[in-house]
Amino acid sequence: MTPRVVIAGMGDTGVLTAIKLARPVAPRCDVVGISAKPGLVSGQELGWRLARPDNWAKHNWIPFQRFRGLDRVRTVHGSLTGVDLAGRTVSVVLADGSSAPVAYDVLVIATGVTNGFWRRPTLQGTADIGADLRAPHEQLAAARSVIVVGGGAAAVSSAAHIATTWPGARVDLYFPGGRALVDHHPRTWDRVRRRLIDVGVALHPGHRAHLPDTFTGDTLTTEPVRWSTGQPPASADAVLWAIGRVRPNTGWLPPELLDEHGFVRVTPQLQAPSHPEVFAIGDVAATDPLRSSARNRADGLLAHNVRAAFAGKPLRRYRPPTRRWGSVLGIQPDGLEVFAPNGRAFRFPAWTFERVLMPWIVRRGMYRGIRSEGQTTRGSSALIRSSSRG
Ligand SMILES: Cc1cc2nc3c(=O)[nH]c(=O)nc-3n(C[C@H](O)[C@H](O)[C@H](O)COP(=O)(O)OP(=O)(O)OC[C@H]3O[C@@H](n4cnc5c(N)ncnc54)[C@H](O)[C@@H]3O)c2cc1C
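Here is what the cut-offs are and how they apply
Residues numbered from 1 in each chain as written. Predicted model: local features only at pLDDT ≥ 70, side-chain atom pairs only at ≥ 80, totals over all residues. Heavy atoms only, no water. Helix = DSSP H or I, 4+ residues; strand = E, 2+ residues; numbered from the N terminus. Buried < 20%, exposed > 50% of the residue type's maximum accessible area, 1.4 Å probe, protein only. Near = heavy atom within 4 Å. Polar contact = N/O pair within 3.5 Å; in protein donor to acceptor, adjacent residues only side chain to side chain. Areas by Shrake-Rupley, 256 points an atom, 1.4 Å probe, with all protein chains shown as cover. Nonpolar A, V, L, I, M, F, W, Y, C, P; charged D, E, K, R; others polar.

J.: Please explain unusual backbone geometry as it appears in this structure.
T.: The phi angle of most residues is negative, glycine excepted, and most peptide bonds adopt the trans form. The residue after Ala26, namely Pro27, is reached through a cis peptide bond having omega -10°. Look at Arg88: it is not a glycine, yet its phi comes out positive at around 55°. Topologically, Arg88 is positioned in the loop between strand S5 (73–84) and strand S6 (89–94). Residues other than glycine seldom take positive phi values, yet Leu181 does so here, at roughly 50°. Residue position: Leu181 is located in the loop between strand S11 (170–174) and helix H6 (186–198).

Quick look at the structure:
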């Protein structure tokens, strides 16, 4: 009988892993993907998402039925609520409130993290996702001044996109250290800092925000921001908190699978140490201090290891780089810059983004083809119906 792989969480890494495992090569796998969203709602590129949500959605919010590579994958739209490790089943609550166990031979945990208002594991349909994309954009569009709090890529890219999209607004970026992007190579910050200044972002190093007791990070706020580093409070029409307060989406898992911070413990082969039939990948997997397996495309390695485990062959090790790398500012009017771990930048000119990078490298190469809207083989209601089989 064909072994069944259940992918728990179909975000950036879950989708890529499902596509790889569904390929018709030996040993074949029956792949089931479980997701709180009816499609890929990427966790990437916050700045682009806030500033130009329609354009962001075109590339980053894609219903599952549009992925050709997922045609052999059964998707279940529901929330994972538990796992029975001995019985090898996960429990899923569907949108209609009913629940269904789903059996697995191998479980891949890819439920990611919760971060601010832009990455939440709530069970959502298309309309809710659209509303979540529009509301902060409209609030920012109406603001004459914006404070961004945070020193990571999400904060920096948001400040850049907001300043570029609404040049009439004052944009202030506050971060705690002497520089932002502390996990990137110093060269990366040097270059990004110049670009932020060029687009008019005012930089405020040495500011650590005091978090109010009521802080949830669930919305843009409007109250003055106080600093535990002693400076006078700062005010703006909208405050974006991008302070990297991520929480792993692992409330549905037993403590024996988790480390002391609630992330899934894994071996270098991406397996749970005490349960070799359980794998984890992406932001939820405690692979290394930066939890870098998503951006380093460990989906290929994980799919190889699942097949190798079924075939009794040796598994490969994940080797994380020590610095963050990748795009920081995302797509800008003059193109897309990608920073290597050594801080050197490689720039794709703007014209290549829509004509080469997205259609050929991302859609065709990475995702194995994405249908245009209206060109789908089955509607989302059919998907949700098919998902209620156990
Ligand atoms: C190809 C690629 C390129 C990247 N490039 C960069 C880059 O240039 N720069 C950079 O900084 N980063 C980059 N990243 C990394 C990226 O920022 C994040 O690390 C990535 O979005 C994390 O993916 P994930 O699958 O772990 O989480 P997510 O994409 O958040 O997916 C988790 C999914 O699980 C669902 N879920 C959670 N809990 C449940 C539940 N209980 N029941 C059901 N569903 C649930 C969530 O709703 C979500 O859909 C890249 C990642 C990839 C894959």
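J.: Would you mind going over the environment of Thr267 with me for this structure?
T.: Of note, Thr267 is situated in the loop between strand S15 (264–265) and strand S16 (271–272). When its relative accessible area of 22% is taken as the criterion, Thr267 is described as partly exposed. Along the sequence, Thr267 and Ala285 sit 18 residues apart, while their C-alpha atoms lie 9.9 Å from each other.

J.: What am I meant to see in the site of the ligand here?
T.: Of all residues adjacent to the ligand, which total 28 residues, the nearest are Asp12, Thr13, Arg119, Asp283 and Ser327. In the model, an oxygen atom of the ligand is placed 2.5 Å from a nitrogen or oxygen of the Thr13 side chain. When the free accessible area of the ligand is taken as 990 Å², the share hidden by the protein chains comes to 89%. Secondary-structure elements contributing two or more residues to the shell around the ligand are helix H1 (12–21), S5 and strand S19 (326–332). Of the residues assigned to the shell around the ligand, the class counts are 9 nonpolar, 13 polar and 6 charged.

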